Amino acid sequence: MALAVGMRVLTRALLRPWARGLRVAPGRTGPAAGGGDGMRCFGSPRVLVEPDPAAGVAVVKMRNPPVNSLSLEFLTELLISLEKLENDKTFHGIILTSDCPGIFSAGLDLTEMCGRKPEHYVEYWKAVQETWLRFYLSNLVVIAAINGVSPAGGCLLSLTCDYRVLANNPKYTIGLNETLLGIVAPFWFKDTMVNTIGHRATERALQLGLLFPPAEALRVGVVDQVVPEDQVQSTARSVMAQWLAIPDHARQLTKTLMRKPTADRLLTERDADIQTFVRFICRDSVQKSLHAYLEKLKQKKG
Ligand SMILES: CC/C=C\C/C=C\CCC/C=C/CC(=O)SCCNC(=O)CCNC(=O)[C@H](O)C(C)(C)COP(=O)(O)OP(=O)(O)OC[C@H]1O[C@@H](n2cnc3c(N)ncnc32)[C@H](O)[C@@H]1OP(=O)(O)O
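Residues numbered from 1 in each chain as written. Predicted model: local features only at pLDDT ≥ 70, side-chain atom pairs only at ≥ 80, totals over all residues.

Ile95, Ile143, Ile146, Val165, Leu166, Ile174 and Leu176 are the most contacted members of the largest nonpolar core, which totals 76 residues. When neighbours within four sequence positions are excluded, isoleucine 143 is seen to be in contact with Gly93, Ile95, Cys161, Asp162, Tyr163, Val165, Ala236, Val239 and Met240. (Core = buried A, V, L, I, M, F, W, Y, C linked by C-beta atoms within 7 Å. Buried ≥ 20, exposed ≤ 12 C-beta atoms within 10 Å, placed from the backbone. Contact = placed C-beta atoms within 7 Å.)

To continue, consider helix α11 (residues 284–299). Taking 1.5 Å per residue, 16 residues should reach 22 Å; α11 reaches 22 Å between its end C-alpha atoms and fits that length. By the criterion of burial, α11 is predominantly exposed, with just 0 of the 16 residues buried. (Helix = DSSP H or I, 4+ residues; strand = E, 2+ residues; numbered from the N terminus. Expected span 1.5 Å × (residues − 1).)

Looking now at the pairing of strand β3 (residues 57–62). Taken across its 6 residues, β3 has 6 buried, putting it largely inside the fold. Where strand β2 (residues 47–52) and β3 come together, 6 bridges link them in antiparallel fashion. From the neighbouring strand, aspartate 52 faces β3, where its bridge partner is valine 57. In this structure, the hairpin formed by β2 and β3 is closed by a connection of 4 residues, where glycine 56 is found at a positive phi of approximately 75°. Bridge count for β3 against strand β4 (residues 93–98) is 6 bridges, and the pairing is parallel. Residue pairing across strands places valine 59 opposite isoleucine 95, the latter belonging to β4. (Pairing = 2+ DSSP bridges.)

The next subject is the site of the ligand. Around the ligand, a shell composed of 28 residues is seen, among which Ala106, Gly107, Leu108, Ala152 and Gly153 lie nearest. Those elements giving two or more residues to the shell around the ligand turn out to be β7 (148–151), α10 (270–282) and α11. Residue composition of the shell around the ligand, grouped by class: 17 nonpolar, 6 polar and 5 charged. (Near = placed C-beta within 6 Å. Nonpolar A, V, L, I, M, F, W, Y, C, P; charged D, E, K, R; others polar.)

Another aspect to go through is α10. For α10, built from 13 residues, the straight-helix expectation of 18 Å at 1.5 Å per residue is met to within 8% by its first-to-last C-alpha distance of 18 Å. Among all positions of α10, only Arg270, Asp273 and Phe277 are buried. Buried residues of α10 fall within an arc of 60° about the axis and therefore sit on the same side. Away from its buried face by more than 90 degrees, α10 exposes Asp271, Ala272 and Arg279. Those residues of α10 hidden inside the fold are in contact with α3 (118–136) and α9 (248–268). (Arc of directions from axis to C-beta.)

Between helix α5 (residues 187–197) and α9, the shortest axis-to-axis distance is 10 Å and the interhelical angle comes to 175°. Relative to α9, the element α5 is oriented roughly antiparallel. Contact residues: α5 offers Trp188, Asp191, Thr192 and Asn195, while α9 offers Thr262, Arg265 and Leu266. Broken down by class, the residue content of the contact of α5 with α9 amounts to 2 nonpolar, 3 polar and 2 charged. (Axes fitted to C-alpha atoms, helices over the stretch in contact; angles between N-to-C directions. Parallel < 35°, antiparallel > 145°, perpendicular 65-115°, else oblique.)

A separate point is the sheet that holds β4. Pairing between sheet strands relies on hydrogen bonds along the backbone, with the strands arranged either parallel or antiparallel. In spatial order, the strands read β1-β2-β3-β4-β6-β8-β10; together these 7 strands make up an open sheet with mixed pairing. Each having just a single partner strand, β1 (42–44) and β10 (225–227) make up the two edges of the open sheet. Here the strands of the sheet are splayed against their neighbours by 20° on average, with no regard to which way each runs. Across 4 bridges, strand β6 (residues 141–146) lies against strand β8 (residues 163–167) in parallel orientation. Note that in β8 the partner of isoleucine 146 across the bridge is leucine 166.

Attention now goes to the pairing of β4. A large share of β4 lies buried, amounting to 6 of its 6 residues. Of the two faces of β4, the one lined by Gly93, Ile95 and Thr97 and the one lined by Ile94, Leu96 and Ser98 are each fully buried. Of the crossover connections in this fold, the one passing from β3 over helix α2 (residues 72–86) to the parallel β4 is right-handed. Here β4 runs beside β6; their pairing, made up of 4 bridges, is parallel. By the bridge assignment for β6, leucine 96 is matched with alanine 144. (Right-handed = clockwise from strand over helix to strand, strands pointing away.)

Written as structure tokens, this is what we have:
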């Protein structure tokens, strides 16, 4: 039932004008294309997929410049790429990384949550929920190669992965900083963080909107490994090999066992969660905070 709802959201998204023609955008043969067996890079305008069929792995590169903000279009393209890889028996694992220098993802796209109509907020929030559910419950091994800053929704996306490797650069902070924007991380953001670093550490991190630099992120457990910047991709590959050495069915069932109760909570409260989001985001005070935050970002330059 829940899956059917998810499929409807995805199908509706695919029917949108901007989503047409996204299914395959054939490109150059990937550098990681498994010894020239002819499998090409594919993807969409904002998501580049570099397949390595010999290894059973695809590198999914987010490229929604300037900051990989998670807009509706971008989320839809990510979902399409994920679905395509999941439906292709060649692939057992994905490395999720960024093609935007210094930025993994700036999180949810603030312009999707500012000055829009309630119907838009409904559509956007459904896509955010769907992305979280799909990545969190993916049967594939998903490893985040975090090569840039990763606030809020960017951090959440990495928390859906099975393992996080972060580049050791003090600028590459990671965390759920929603309170700094005057907004609140929904319960499933919070649950995902609690499952990763525990209740007390989450309570502190979320209330204070902490963005952890690499050493702190490792200490608290937001990431699993911190490595020199030029070793992020190779480390993600070695870790992937380790995870893929485990019998797939046993690993997948264990993942489901661990994650299903958290996902079920959102699945059973999905509509209520949308209503909560829309009510919250439509408040004058919240809109003012978001506008002010966006303005601050823009003024930073000038
Ligand atoms: C009871 C309540 C229950 C429920 C509540 C329900 C829901 C509410 C919760 C919703 C959850 C939200 C989670 C989020 O993800 S919110 C987004 C949080 N993101 C951030 O705080 C990051 C903001 N960005 C930055 O800090 C910097 O941009 C960054 C460090 C990423 C990069 O810095 P850099 O100097 O390289 O670039 P900038 O010049 O700052 O930015 C370039 C342009 O990009 C625009 N920008 C940046 N971030 C975003 C974004 N998240 N969305 C949209 N646009 C973004 C920025 O404004 C610049 O634009 P221009 O000036 O070039 O037009």
